[in-house]
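# Working through the structure, step by step
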Amino acid sequence: GPWSLVVSHRAVLAAGLLGVALLLATTWSVTSGASRLSMGDAFPALFGEGSRAAVLTVREFRLPRVVAGMLVGAALALAGCLTQAVARNRLATPDILGVSEGATLLVLLSLTGGAATLGAWWTGPLGGMLAAGLIIAVVLAASRVIERMAMPVLAAINAVPKVALAPLLFQK
């Protein structure tokens with residue numbers, strides 16, 4: 001045909017093994033909890049069959065938790081791939097680049113500024129986004145000026161929130 005696809009045997013094997021691992025983890029997560037369900041009770045409950053308690057437990061509590069965990073894991077994997085692609089470095093991670101420190105810095109500043117513990121939940125994501133935006137801007141500017149200076153500049157930027165965090169973390 002007009003389409004051709006070349007896939008390595010290792011990729012097919014890895015995808016198969018990861019699929020089996022995901023199925024086992026999902027099965028374990030759906031059957032374990034405060035009220036243990038056997039596989040014989042949990043599988044029919046997925047389709048609305050079985051006891052009312054099993055159906056409620058599986059379809060309303062455990063399965064949404066499993067799906068949410070899968071979606072969050074996929075989103076974190078995508079974020080990691082994008083971080084590495086933007087930084088053009090396979091070792092780039094949010095903690096190395098300073099995103100984690102930016103989030104921590106803004107949360108600590110809001111807490112020391114008198115915000116309630118639960119009232120300032122949005123400061124962590126906002127600090128992370130601000131730090132990521134600064135990192136992207138610096139990488140773009142540095143890559144235009146000097147091709148290989150992006151990572152040293154990012155390392156220097158990473159030190160800034162750490163220095164700012166020190167007095168907040170170690171005050172008595």
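Up top you'll find the structure we're talking about.
Not measured: the values here are computed from a predicted model.

Each helix and strand in the protein chain was counted, giving seven helices and zero strands. Ordered by position from N to C terminus, the α and β elements of the protein chain give α-α-α-α-α-α-α. Every one of the 172 residues in the protein chain was classed for burial, and the buried ones make up 24%. Contacts spanning at least 24 positions in sequence make up 53% of the contacts within the protein chain whose residues lie at least 6 apart. As displayed, the protein chain offers around 12300 Å² of accessible surface, 72% of which is attributable to carbon and sulfur atoms.

Right, let's talk about the packing of helix H2 (residues 39–46) against helix H3 (residues 52–87) for a bit. Helix packing geometry: the angle between the two helix axes and the distance between the axes. Relative to each other, H2 and H3 sit at 75°, their axes nearing to 8 Å. Considering their axes alone, H2 and H3 lie roughly perpendicular with respect to each other. Residues Asp-41, Ala-42, Ala-45 and Leu-46 of H2 form the contact with H3, whose own contacting residues are Ala-54, Val-55, Val-58, Arg-59 and Leu-63. Taken together, the residues that form the contact of H2 with H3 break down as seven nonpolar, no polar and two charged.

If you trace the backbone, Ser-32 turns up in the loop between helix H1 (9–31) and H2. Polar side-chain contacts of Ser-32 include one of 2.7 Å to the backbone oxygen of Trp-28.

A surface patch of nonpolar side chains, amounting to about 610 Å² of accessible area, comprises Trp-121, Trp-122, Leu-126, Met-129 and Leu-130. Checked against the element boundaries, Leu-130 lands in helix H6 (residues 123–145).

Here we take up the packing of aromatic side chains. This model, assessed by the stated rule, comprises one aromatic pair. Ring centres of Phe-43 and Phe-47 lie 5.4 Å apart, and the angle between their planes is 75°; this geometry places the pair in the edge-to-face category. Using a relative accessible area of 45% as the deciding quantity, one classes Phe-43 as partly exposed. Residue classification places Phe-47 among the exposed positions, given a relative accessible area of 58%.

About the cut-offs
Residues numbered from 1 in each chain as written. Predicted model: local features only at pLDDT ≥ 70, side-chain atom pairs only at ≥ 80, totals over all residues. Heavy atoms only, no water. Helix = DSSP H or I, 4+ residues; strand = E, 2+ residues; numbered from the N terminus. Buried < 20%, exposed > 50% of the residue type's maximum accessible area, 1.4 Å probe, protein only. Contact = heavy atoms within 4.5 Å. Areas by Shrake-Rupley, 256 points an atom, 1.4 Å probe, with all protein chains shown as cover. Axes fitted to C-alpha atoms, helices over the stretch in contact; angles between N-to-C directions. Parallel < 35°, antiparallel > 145°, perpendicular 65-115°, else oblique. Nonpolar A, V, L, I, M, F, W, Y, C, P; charged D, E, K, R; others polar. Polar contact = N/O pair within 3.5 Å; in protein donor to acceptor, adjacent residues only side chain to side chain. Patch = residues over 30% accessible without salt bridge, like charges linked within 9 Å, V, L, I, M, F, W, Y side chains within 5 Å. Salt bridge = Lys/Arg side-chain N within 4 Å of Asp/Glu carboxyl O. Phe/Tyr/Trp six-rings, centres within 6.5 Å; stacked < 30°, edge-to-face > 60°.

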